[in-house]
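Residue-level structural notes
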Amino acid sequence: MTSASASGTPVVVITGAGGGLGAATAALYSGRGWHVVAADLDAPPGGAGITPVAVDVTDPLSLEALAGRVRADHGRLDAVITFAGVLGIGPLAETDPERVQQVLDVNVMGTVRTVHAMFDLLRASGGRVVLISSETGPQHGMPMNGAYAMSKHAIEAYGDSLRRELMFLGLDVVLIQPGPFRTGMTASIRRRFQESTLPGSPFAAMAAVMGEMAAGEDDKATDPRVLAEAVWTAGTTARPRHRYAVKWDLGRRLLDHLPVPVVDRALTLALGGRINAKRLELRREADDTLSAADAEVRP
């Protein structure tokens with residue numbers, strides 16, 4: 001057993017700790033006296049109080065190895081925080097089902113596998129589970145965000161059921177619902193939308209418009225350290241709330257309180273004109289490209 005365990009230092013496993021929100025949370029926990037086992041697909045940078053580990057949350061054996069290392073090195077686990085996740089952008093009618101499956105496998109089943117692998121350690125230490133959902137989790141799905149919304153809706157249901165099981169064992173389960181924060185995933189959001197449609201797609205104009213809107217939201221996104229503070233509270237306070245909604249987008253929050261037909265109509269009015277204008281713009285650009293190509297091949 002390491003000196004961290006011998007001295008009673010609390011231990012937390014954080015998946016998705018290689019960047020963005022997970023890295024900010026790992027830095028905060030280690031700075032406040034916890035030992036952090038920082039897990040990601042590629043081992044994150046280490047540091048004082050941080051043990052970096054390469055872990056694949058889609059691989060049960062990888063997570064079992066992580067649990068074994070925590071048991072051998074520390075002999076305890078006081079919290080697990082599940083940041084590991086991927087975006088799922090694109091029109092559902094065109095998105096390859098294998099891609100949707102991948103999003104669900106990482107975001108949903110990766111969370112399930114992580115908690116399953118760490119459960120015995122958590123139970124022995126009376127530890128806590130902190131699940132990272134999203135403002136998208138409890139809200140109605142929006143266009144071009146279906147796969148991600150599906151995954152976060154599932155995390156909400158998983159979190160409720162898990163909490164109502166583990167509370168009889170004296171263990172807390174807490175859901176975190178972040179709004180827009182600056183992360184590595186959102187930095188490339190416009191390109192991700194552009195690449196989410198097939199050649200000649202009827203959704204190309206919608207993807208372009210939604211990408212521009214998402215990029216604008218990213219410009220206003222909050223510093224990850226703000227979310228890290230909320231995760232600290234969720235992981236350490238004596239009586240945590242079931243859910244922590246952190247810096248939600250006000251417009252989306254208001255929309256979600258309106259009747260669904262009203263929201264659908266509002267989206268049609270707000271986006272329809274922009275999508276039609278973008279469709280004409282893309283058509284003109286395609287025509288200009290063809291004209292330029294024709295000019296080049298003329299003798």
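Residues numbered from 1 in each chain as written. Predicted model: local features only at pLDDT ≥ 70, side-chain atom pairs only at ≥ 80, totals over all residues. Heavy atoms only, no water.

In this section: the confidence of the model for the chain. With 91% of its residues at a pLDDT of at least 70, the chain reaches an overall mean of 90. Counting interchain partners and residues more than four positions distant, the pLDDT-below-50 stretch residues 1–6 has 14 contacts. (pLDDT = per-residue confidence, 0-100. Contact = heavy atoms within 4.5 Å.)

Turning our attention to helix α3 (residues 60–73). Counted at 1.5 Å a residue, the expected span for α3 with its 14 residues is 20 Å, and the 20 Å between its end C-alpha atoms agrees. In this fold, the buried residues of α3 make contact with β1 (11–15), β2 (35–40), β3 (50–54) and α4 (97–125). The backbone nitrogen of leucine 61 has a side-chain oxygen 3.0 Å away, supplied by the residue at the start of α3, namely aspartate 59. Positive backbone phi, at 70 degrees, marks glycine 75, one or two positions downstream of α3. (Helix = DSSP H or I, 4+ residues; strand = E, 2+ residues; numbered from the N terminus. Expected span 1.5 Å × (residues − 1). Polar contact = N/O pair within 3.5 Å; in protein donor to acceptor, adjacent residues only side chain to side chain.)

In contact at an axis separation of 8 Å, helix α2 (residues 20–31) and helix α9 (residues 224–236) are set at 60 degrees when each is read in the N-to-C sense. Judged by the angle between their axes, α2 and α9 are oblique. Viewed along their axes, α2 and α9 form a crossing whose handedness is right-handed. For the pair α2 and α9, the contacting residues are Gly20, Leu21, Ala24, Thr25, Leu28 and Tyr29 in the first and Pro224, Arg225, Leu227, Ala228, Glu229, Val231, Trp232, Gly235 and Thr236 in the second. For the contact of α2 with α9, the residue count by class is nine nonpolar, four polar and two charged. (Axes fitted to C-alpha atoms, helices over the stretch in contact; angles between N-to-C directions. Parallel < 35°, antiparallel > 145°, perpendicular 65-115°, else oblique. Left-handed = near helix turned anticlockwise from the far one by under 90°. Nonpolar A, V, L, I, M, F, W, Y, C, P; charged D, E, K, R; others polar.)

Here methionine 144, not a glycine, exhibits a phi torsion of approximately 70 degrees, which is positive. Of note in the backbone geometry, lysine 247 takes a positive phi value of approximately 55 degrees without being a glycine. Among the structural elements, lysine 247 can be located in the loop between β7 (243–246) and α10 (250–255).

So, about the nonpolar core. By size, the foremost hydrophobic cluster in this structure holds 29 residues, and its most contacted members are Leu66, Leu77, Met118, Val129 and Leu131. In terms of residue count, α4 provides more of this core than any other element does, six residues in total. Residues contacting leucine 131, with those up to four places away along its chain left out, are Thr82, Thr111, Val115, Ile155, Tyr158, Gly159, Val173, Val174, Leu175 and Ile176. In this structure, Val12, Ala79, Ala228 and Ala234 belong to the second largest nonpolar core, which totals 28 residues. (Core = buried A, V, L, I, M, F, W, Y, C linked by side-chain atoms within 4.5 Å. Buried < 20%, exposed > 50% of the residue type's maximum accessible area, 1.4 Å probe, protein only.)

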